[in-house]
Amino acid sequence: MAAPKVAVVGAGVIGLSTALCIAETCPSCSVTVLSDQFSPNTTSDVAAGMLIPHIYPGTPIHVQKQWFKETFTYLFAISNSAEASEAGIHLVSGWQVFKNSPKEELPFWSDIVLGFRVMSKAELQKFPQHQFGHAFTTLKCNCPSYLLWLAKRLKATGVQIYTRKVTDLWELHSEYNVVVNCTGIGACQLVGDEKIFPVRGQVLKVHAPWVTNFIRDGDGLTYIYPGMHNVTLGGTREKGNWSLAPDPGTTEDIFDRCCSLEPSLRGAQDIKVKVGLRPSRQHVRLQKEVLSRGGIKLPVVHNYGHGAGGFSVHRGTAKEAARLVGECIAALQGSSSRAKL
């Protein structure tokens, strides 16, 4: 068969990184990204971009650990390269603090981040309301910069990127051999997935250059993440809330919570409010499916539903999706060679 044509639907961090992995692992493919929304208007643009995993209850821990390890290794290499600044990736050290000691002293990812250890009593004095904590160094991603960097890499690899609203995956069957669905919360309508739901996140971006260490409350709800250009203060987890309008009361609550962890933030300037809808599921949907109509078949690979943890596992799940695309192409090539016989 001619060069297989693959369409990736969705241009957030999952869609762009999946397209890049397909282009890297299957150079004979023609890869196209289709989306009606691009940076700076994607959910990924609002993400804090900290590599601290979130648990997916329906996914085995060893699988989640592999996804995180592959993502951390990939971004760590970029952070040590001349492209670190353009890609928006840097190391950041800090603390995760708990009011009560957690059930597990060591999270599953403790040997992947750098220098993970239990906080000393002297360090904990900074957080009088907390009695236990972890100190470690991880990676932080300036998401809009990273999305632009990914798009640049895609174009350099020969991937086509088009603005197009796809309302039914089947509409692509006459143009592409394999379709990859990376539409996040859009999968709710696009493929009728009733297992996906929005978890609304509101964050503040503030100018506070003196804040250089991250601080994260153990429940994951209150956090201070310093980046290259601003500090992200969060947050909220509002399950089932579809509103993208900033809520002033929530802004005040986030600011007060973060100031209780880091009082110097009272002097923060230039406060901007961002809202995103995390595409959440019990587990990431990462699987093959074959759509069929009138004897015609369209192989589809789904890669969506990463919730609040997309940046922490994006490269790992993209590699897995690319492997599944490779299986689809091998099956197509096998059937076309059998047809010739």
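Residues numbered from 1 in each chain as written. Predicted model: local features only at pLDDT ≥ 70, side-chain atom pairs only at ≥ 80, totals over all residues. Heavy atoms only, no water.

As named in an unreviewed UniProt entry, the protein chain is D-aspartate oxidase, taken from Thinocorus orbignyianus. The heading Function (unreviewed entry) in the UniProt record of the protein chain holds the text "Selectively catalyzes the oxidative deamination of acidic amino acids. Suppresses the level of D-aspartate in the brain, an amino acid that can act as an agonist for glutamate receptors. Protects the organism from the toxicity of D-amino acids. May also function in the intestine." What the UniProt record of the protein chain gives under Cofactor (unreviewed entry) is the line "FAD". (UniProt positions renumbered as here; feature names shortened; annotations may be inferred.)

(A) Local environment of the pattern of salt bridges. This model, assessed by the stated rule, comprises 20 salt bridges. Glu86 is the partner of Lys152 in a salt bridge, and the nearest nitrogen-oxygen pair spans 2.9 Å. Taken together, the residues span a long stretch of sequence, with Lys152 in helix α6 (residues 143–156) and Glu86 in helix α4 (residues 84–87) at a distance of 66 residues. With a shortest N-O distance of 2.6 Å, Lys288 and Glu327 are connected by a salt bridge. With a gap of 39 residues between them, Lys288 in strand β13 (residues 269–293) and Glu327 in helix α9 (residues 310–340) connect regions that are remote in the sequence. Residue Lys288 is classed as partly exposed on the basis of its relative accessible area of 40%. When salt bridges that share partners are traced, they join Lys288, Glu320, Arg323 and Glu327 into one network. (Salt bridge = Lys/Arg side-chain N within 4 Å of Asp/Glu carboxyl O. Helix = DSSP H or I, 4+ residues; strand = E, 2+ residues; numbered from the N terminus. Buried < 20%, exposed > 50% of the residue type's maximum accessible area, 1.4 Å probe, protein only.)

(B) Layout of the UniProt feature "binding site: D-dopa" (unreviewed entry) in the protein chain. Here the UniProt feature "binding site: D-dopa" (unreviewed entry) sits at Tyr223 and Arg278. Checked against the lining of the second largest pocket, the annotated residues just named reduce to Arg278. Following the sequence through the fold, Tyr223 ends up in strand β10 (residues 223–226). As for its placement among the helices and strands, Arg278 is situated in strand β13. Arg278 gets classed as buried once you look at its relative accessible area, which sits at 15%. The residues touching Arg278, leaving out its near neighbours within four places in the chain, are Ile185, Phe197, Pro198, Val199, Arg200, Gly201, Tyr223, Thr236, Arg237, Gly307 and Ala308. Of note is the side chain of Arg278, whose polar atom sits 2.9 Å from the backbone oxygen of Thr236. (1 Å grid on protein atoms, 1.4 Å probe; cavity = no way out; pocket = protein on both sides within 12 Å on 5 of 7 lines; lining within 4 Å. Contact = heavy atoms within 4.5 Å. Polar contact = N/O pair within 3.5 Å; in protein donor to acceptor, adjacent residues only side chain to side chain.)

(C) A look at unusual backbone geometry. Going from Ser39 to Pro40, the amide bond is cis rather than trans, its omega being 15°. By secondary structure assignment, the location of Pro40 is in the loop between β2 (30–35) and α2 (43–46). Gly234 connects to Gly235 through a cis peptide bond whose omega is 0°. Although it is not a glycine, Asp270 sits at a positive phi angle of roughly 55°. Among the secondary structure elements, Asp270 is positioned in strand β13.

(D) Just the state of the cysteines, in detail. Applying the stated criterion to the full structure yields one disulfide. Sulfur-sulfur distance for the disulfide between Cys26 and Cys29 comes to 2.5 Å. Judged by the sign of its S-S torsion, about 65°, the bond between Cys26 and Cys29 is right-handed. Cys29 carries the same exposure label as Cys26, and that label is buried. A disulfide-free cysteine, Cys21 has its sulfur positioned 10 Å from the sulfur of Cys182, the nearest such atom. You can see Cys188 has no disulfide; the closest cysteine sulfur is in Cys182, sitting 17 Å from it. (Disulfide = S-S within 2.5 Å.)

(E) Quick look at the environment of Phe214. Secondary-structure assignment places Phe214 in strand β9 (residues 214–217). In sequence terms Phe214 and Cys182 are 32 residues apart; their C-alpha atoms lie 30 Å from each other. With sequence-adjacent residues up to four places away left out, Phe214 is seen in contact with Met50, Ile52, Val92, Ser93, Gly94, Trp95, Gln96, Phe136, Thr138, Ile224, Tyr225 and Pro226.

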